[in-house]
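Architecture and fold: a report
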Amino acid sequence: MPHFLWKNVLLFTCLLLITSINSQDYDDSDNAPANPEQDKCIGVFLTYTFTKRTKEYPHVKNASAQAYAFDAVATILNTMSEDLKAWEFFVGFQHDEILVSVRNAVLTNGTDFPVKVGNGTTFSGFPDSDLLNAIETAGDMEQIQRIIKIKGTQFGVKPPGTPMPKTMKLMNSGFKCPEPTKKGGQMYLCCVKDPKMKKKTNTTKFLKRQKADLTIAYDILQAYGNNYLAQVTMDNWHPLGRLDNWNLTWEWKRGEFIYSMRGAYTLKRDSSSCIYSQAASYYTDFDFAPVISCDKNPIIVDLPPEREKDKDIGNLPFCCKNGTLLPKQMNSSLSTAMFQLQVYKMPPDLNRTTLHAPQNWKIKGELNPNYVCGPPVRVEPMEFPDPSGLMSETAAVASWQVGCNITRPKPRQNRCCVSFSAYYNESVIPCNTCACGCSDAVACDPDAQALLLPSEALLIPFRNRTAKAKAWAKLKHRSIPNPLPCGDNCGVSINWHIVSNYRNGWSARITLFNWKQYIFKDWFTAVTLDHDVFIDYQKVYSFNGTILNSTKHTVFMQGLEGLKYLVGIVNATDPTKNPQIPGKQQTVISFTKKKRPNIKLSKGPGFPTKVYFNGEECALPDQLPISNGYSLRSGISRVALAVISAFLIYLGILL
């Protein structure tokens, strides 16, 4: 065959191969390569692929401390015959990774970038949170798969090692995920429906509303081409959850801005931020002077009560409570908050059916629990009573729900603390050192154990306790560290004191100290006790005390009428001579011994295992007061008793 014919045959063969490759089903040549194992999966197929790494500055000799920039791609593919609603994809990072950016997804907990994810993190879909099925989309990969582009920093794994996650899995309920298969720089797995899970019937294409400690509804009431009217409703469901002067924030992901509001307002209102924003380049003839906020992350607060009937910015149910959200059993009328906002959109979302809720929701209050909010989930449209008064109901255009749950404070991140004392010990065990955090630039020891105190020292601020603490340590023949321990730095402290122990019962006293200038209105506190103590609970005297059926072994306490304000710290009559005086309230709590007649209070069961103030879990001391030697009936010391017991065991008498 002539040479030129061979060349034509080879060229024709290459063209056939290219045509064959391009005609394959589910072509994804512009994105991540398809994994052949996904064809065997009937469920949800997950992959994680490490793509590249670059050594970062500073360059250090310690390999474990060296930082590397890395890129990775994660994919989630729906291979079922049904849709996957509100997917959540967990990646178990393990090399002190710091994520800098993520494309085609958001972090489920709404954390801002850069974020440390060394213990793993969960991704959720945005702008589309669902994955449709291949049957109803003709295998359109853009609708049944999401490709997540990850960029960040990792530490300690130098080439040729590959910094792979420890594991990954689908977080949606009703699925079983095996351990991932790892091959070089890729890992993958197939999560399948759990056959033991009962199949839930859902007559709509949206998820049902979820349960959480605090739920936030984002309902679109009216939709136009370039703007819409939304209503935000917050409901407090947790028996110990609470917010005072709440601050709510979110992130606009598609260039939206708030034109007007009712029932709330933004802390920052600056028209110049609108004029120099992306919105001004599109709305060229728009008057931005009356615009409420063009911030990407607006901070929204409640209106004061005096604006409740204001026809321009108020006049909404559940608005204008000065940011107060109380537990329902405390005051159901103050357990819900509501406001409305007019939102303008940006291209390419300029039609009335293209609607997106903001992302990365966060809410916090004044000395309240730490809430972690998930992503907004599209749910069934909310139905409202017809405004005309007829028996019919009007449905929202679209609805999303955000679930926020209370998290336990990390060490040294509490905002209240507890001290312990008892009638059988002269010393008070104070709040832990740096219980509520410590500054890095303080002339004290943040790791030293707090010094024991005389009881009167609880009534004065920490900065005025030094002399008393030193004198008490000398009196009790205890060493004094140098430098001295740092303070607890808490705005509120609580003392639990065992007052008495008699034949038929015993009693304790709880005292609240407010070291802030802030006045706590409608305050509450709660204590969780061991079962053996709780079953003999009798009565709270100076507070309104009730038992929480929804929370085990917990006594809920709030102020009686006329005592619902915990005032702030004030100056003494002569500030030059006397320290400031904290706001203070206290009550006695009594217990019987009907069910536990032999309870040994000196061994610690009389102290609570958890203490809350306004929903915030307070830091407990690391130790308990012990009984002095003279409190034992035999009159002998603990050391002597231990020596005798050991001697008897040695002789084989105690077996």
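Only a predicted model underlies this, so the values are computations on that prediction, with no experimental measurement involved.

**Some words on the overall build of the protein chain**
Secondary structure summary: the protein chain contains 7 helices and 38 strands in total. In the protein chain, which comprises 655 residues, the proportion classed as buried is 46%. Partitioning the intrachain contacts of the protein chain with sequence separation of at least 6 by distance along the chain shows that 70% fall at a separation of at least 24. Carbon and sulfur atoms make up 54% of the accessible area of the protein chain, which totals about 34800 Å².

**Some words on the state of the cysteines**
Applying the stated criterion across every chain yields a total of 10 disulfides. Covalent S-S linkage joins Cys319 and Cys320, the inter-sulfur distance amounting to 2.3 Å. Judged by the sign of its S-S torsion, about -70 degrees, the bond between Cys319 and Cys320 is left-handed. Each member of the pair Cys319 and Cys320 is classed as buried.

**What about the environment of Arg53?**
Counting through the fold element by element, Arg53 comes out in strand β1 (residues 44-55). For the pair formed by Arg53 and Asp71, sequence separation is 18 residues and the distance between their alpha carbons is 6.5 Å. In contact with Arg53, not counting residues within four places along its chain, are Tyr68, Ala69, Phe70, Gln154, Val157, Lys158, Pro159, Pro160, Gly161, Thr162 and Pro163. A polar contact of 2.7 Å, which involves the side chain of Arg53, links it to the backbone oxygen of Val157. A polar side-chain atom of Arg53 sits 2.5 Å from the main-chain carbonyl oxygen of Gly161.

**Thoughts on the side chain of Thr528**
Its location among the elements puts Thr528 in strand β31 (residues 524-528). Ignoring any residue separated from it by four or fewer positions in sequence, one finds Thr528 in contact with Lys552, His553, Thr554, Pro608, Thr609, Lys610 and Tyr612.

**A word on the sheet that holds strand β26 (residues 416-422)**
Strand order across the open sheet formed by 6 strands is β27-β26-β28-β29-β36-β32, with mixed pairing between neighbours. Either end of the sheet is taken by a strand with one partner, and the two such strands are β27 (425-429) and β32 (537-540). When the angles between neighbouring strand axes are averaged without regard to direction, this sheet yields 20 degrees. Note: β26 against β27, 2 bridges, orientation antiparallel.

**Let's talk about the pairing of strand β36 (residues 583-592)**
With 7 of its 10 residues buried, β36 lies for the most part within the structure. Across 10 bridges, the pairing between strand β29 (residues 505-514) and β36 is antiparallel. For Ile510, the partnering residue across the bridge sits in β36 and is Thr587. Of the strand pairs in this sheet, β32 and β36 are connected by 3 bridges, and their pairing is antiparallel. Paired with Tyr537 across the two strands is Phe591, which belongs to β36.

**Details of a nonpolar patch on the surface**
A contiguous nonpolar patch, built from Tyr265, Leu267 and Ile299 and spanning about 270 Å² of accessible area, is present on the exposed surface. Residue position: Tyr265 is located in strand β17 (residues 264-266).

**Side note on the environment of Trp472**
Along the chain, Trp472 falls in helix α5 (residues 466-475). On a C-alpha basis, the gap between Trp472 and Leu453 in space is 6.5 Å, while along the polypeptide they are 19 residues apart. In contact with Trp472, not counting residues within four places along its chain, are Glu426, Ser427, Leu452, Leu453 and Pro454. Within the structure, Trp472 has its side chain in polar contact with the side chain of Ser427 (distance 2.9 Å).

**Observations concerning the packing of aromatic side chains**
Applying the stated criterion across every chain, the model contains 29 aromatic pairs. Ring plane angle 10 degrees and centroid distance 4.2 Å describe the contact between Trp506 and Phe591, whose orientation is recorded as stacked. Taken together, the positions of Trp506 in strand β29 and Phe591 in strand β36 put the pair 85 residues apart, joining distant regions of the chain. Across the pair, exposure class does not vary: Trp506 and Phe591 are buried alike. We note Lys169 situated over the ring of Phe90; from NZ or CZ to the ring centre the distance is 5.8 Å. Positioned over the ring face of Trp400 is Arg378, at 4.8 Å from the centre of the ring.

**Observations regarding unusual backbone geometry**
A cis amide bond, omega -5 degrees, links Tyr57 with the succeeding residue Pro58. Residue placement: Pro58 occurs in the loop between β1 and β2 (67-78). For the bond running from Phe126 to Pro127, omega is 5 degrees, close enough to zero to count as cis. Residue position: Pro127 is located in the loop between β7 (121-125) and α2 (141-144). Here the phi dihedral of Asn104 falls at roughly 70 degrees; this positive angle occurs in a residue that is not glycine. Its identity as a non-glycine residue notwithstanding, Asn489 has a phi of 60 degrees, on the positive side. Of note, Asn489 is situated in the loop between α5 and β28 (492-502).

Reading the values: the criteria
Residues numbered from 1 in each chain as written. Predicted model: local features only at pLDDT ≥ 70, side-chain atom pairs only at ≥ 80, totals over all residues. Heavy atoms only, no water. Helix = DSSP H or I, 4+ residues; strand = E, 2+ residues; numbered from the N terminus. Buried < 20%, exposed > 50% of the residue type's maximum accessible area, 1.4 Å probe, protein only. Contact = heavy atoms within 4.5 Å. Areas by Shrake-Rupley, 256 points an atom, 1.4 Å probe, with all protein chains shown as cover. Disulfide = S-S within 2.5 Å. Polar contact = N/O pair within 3.5 Å; in protein donor to acceptor, adjacent residues only side chain to side chain. Pairing = 2+ DSSP bridges. Axes fitted to C-alpha atoms, helices over the stretch in contact; angles between N-to-C directions. Patch = residues over 30% accessible without salt bridge, like charges linked within 9 Å, V, L, I, M, F, W, Y side chains within 5 Å. Salt bridge = Lys/Arg side-chain N within 4 Å of Asp/Glu carboxyl O. Phe/Tyr/Trp six-rings, centres within 6.5 Å; stacked < 30°, edge-to-face > 60°. Lys NZ or Arg CZ within 6 Å of the ring centre and 35° of its normal.

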